[in-house]
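Structural features, examined
Each chain, written out:
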Amino acid sequence: MVHRQEPVGDWECTNCENRPLNLGATLTSGQAFRWRQDAAGIWWGAVGTSGLALWQRSGDSRSPLFWQTFPQAGQRELVETYLGLEVPLVPLYQEWVSAEPRMQNAIELYHGLRILRQPPVECFFAFQCATCNTVVKIERSVHRLALRYGAPIEIDFPESAESGMTSRDDPPPLTLPDDPAFSFFAFPEIETLAIASEDALRSDLWGYRAPRVIALAKHLLALGPDWLANLHGQPYARAKEALVALHGIGEKVADCICLFSLGKDEATPVDTHVRQIACSLFVPELRDKSLTPRVYAAISDAYQERFGAYAGWAQQYLFLGAMRGKKA
DNA sequence: GCTTAACCTGGACGC
DNA sequence: GCGTCCAGGTTAAGC
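Residues numbered from 1 in each chain as written. Chains lettered and ligands numbered in written order. Predicted model: local features only at pLDDT ≥ 70, side-chain atom pairs only at ≥ 80, totals over all residues. Heavy atoms only, no water.

**A short note on the pattern of salt bridges**
Let me state the cut-off plainly: Here a salt bridge means any side-chain nitrogen of Lys or Arg lying within 4 Å of a carboxyl oxygen belonging to Asp or Glu. The numbering of helices and of strands both runs from the N terminus, where a helix is a DSSP run of H or I of at least 4 residues and a strand a run of E of at least 2. Relative accessibility decides the category of a residue: with a 1.4 Å probe and only protein chains considered, values under 20% of the type maximum give buried, values over 50% give exposed, and everything between is partly exposed.
Tallying each qualifying case throughout the model produces eleven salt bridges. With a closest N to O distance of 3.4 Å, Glu 80 and Arg 76 form a salt bridge. Separated by four residues within a single helix, Glu 80 and Arg 76 lie in helix α2 (residues 76-82), roughly one turn from each other. Using a relative accessible area of 37% as the deciding quantity, one classes Arg 76 as partly exposed. Salt-bridge contacts for Lys 240 lead to Glu 251; the nearest nitrogen and oxygen are separated by 3.1 Å. Taken together, the residues Lys 240 in helix α11 (residues 236-244) and Glu 251 in helix α12 (residues 251-261) connect sequence positions eleven residues apart. Through salt bridges with shared partners, a single network forms among Arg 19, Arg 76 and Glu 80.

**Points about the side chain of Asp 255**
Heads up, the condition is: Nitrogen and oxygen atoms within 3.5 Å of one another constitute a polar contact, given that in protein one can donate a hydrogen and the other can accept it, and given that sequence-neighbouring residues count only through two side-chain atoms. A contact between two residues is defined here by any heavy atoms of the two lying within 4.5 Å.
Assignment of secondary structure puts Asp 255 in helix α12. According to the relative accessible area criterion, Asp 255 is buried, its value standing at 0%. In this structure the side chain of Asp 255 is engaged in a polar contact, spanning 2.6 Å, whose partner is the side chain of Tyr 236. Those residues in contact with Asp 255 that sit more than four places away from it in its chain are Tyr 236, Lys 240, Ala 267, Thr 268, Pro 269, Tyr 296 and Ser 300.

**A closer look at the sheet that holds strand β1 (residues 12-14)**
Sheet strands pair via backbone hydrogen bonds, and the direction of the pair is either parallel or antiparallel. Convention followed: Whether two strands pair depends on DSSP finding at least two bridges between them.
Spatially, β1-β5-β4-β3-β2 is the arrangement adopted by the five strands of the open sheet, whose pairing is antiparallel. The sheet is open, and its two edges are formed by β1 and β2 (36-37), each paired on a single side. Both strand β3 (residues 43-47) and strand β4 (residues 50-55) contribute to a ladder of five bridges, which runs antiparallel. If you follow Ala 46 over to β4, its bridge partner there is Gly 51.

In C-alpha cells, the structure reads:
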C-alpha cells in the first residue's frame, strides 16, 4: 500500500435524485465496521477485494453520490449493489408511516438510510464479534483481523487527476490520507481464518469469541466453499434455519447475516435496543419477559406484520434512533 | 420452556 | 486510582 497525498483518480458520479441516500447514516449504523471518514468528508472502505472512496454532500440525502473504486476503476455495479440503491425508498416511507405513524420522526432524521448488501463472509464473521460487545470495539477487532489476515488492496492510480473543488457542491480532491488507519485490506478468506491463531485473535480483542471464529471457519469449509453464498438464493426462513444450525450462531446474528448480506429484507435482528423499541411501541406485554425464542419470534413478527417485506429496513431506522439517542 | 452463569475486554462511571 | 458495571449474544446446565 502506497500512501499518497496527491489526488489518486477522478470521481465518478451516480445520480441519486430519485434514490435518496444518507451515506453517513448508512455507513455508521452498525451494519458494517470498516468504514472511515477522512478530514475532507470522504468515506474510505473495502468491499471484497476492492477499495472504495465515497462522497456525498453532507446532510443532503438527494445529493449525487460521488465514488471511485480501486484498484480497478469504474465498478459502478459494485457500488450501487453494495449500497442497496435499487430499493425505492420513498414509496416504502409512505407504507411505513401508514402502518405506524410514529415512524415519521425516524424517517425525517435518517432520510436515505439504506441496508447494505455486504459480502456474506465478512458479515458472517464480523457479527461473531458483536456478542456482548460495543460498536467501537467491534470496529477495532474487525479492522485488526483484516489487517492481520487479509490481502492488501492497492490504492495507487497511474493517472492522477487535477480535481479541484470548484463549488461547494463539488467533491473535494480525491486524496488518500497519509495515515495507517486508511490502509485497506480484503476481508480474510475462510481458509485463512480456519488456520488462524487463537492467541493472535485474542490479542486482536476477540476474547472468548476467538475459538468460535476458528471453529466456524472450519465448519464453513467442511460445508463447501459456496455454502454461505448459496443461502442468498434460499428463502429467508430456510437461510436463517441453516445459519442457526451452526454452533455459535444464534437467532440475532443469523438475522444480521440474512439482512445485511443475504438480501433478506424482511429479517429483523432483535437485540436489546430493538427489543426495547418493540416493547415501547408495539408489544408492551413483552416488556418484562426474557428474550426466549418465543419472545424473539413475537417481536420479529410485530415488525414484520407492520412493515412487511422491508421490515428489516424499517427496523434499522428505529434502531439507529435508539442508538443515537443513547449516545446523546 | 424458562432462568442463570460463564465467556473477554475496555470504557464509563461513582467513589 | 480503583472497583464495578455494562455492552448490538450464545450456550449449556439446572430447575
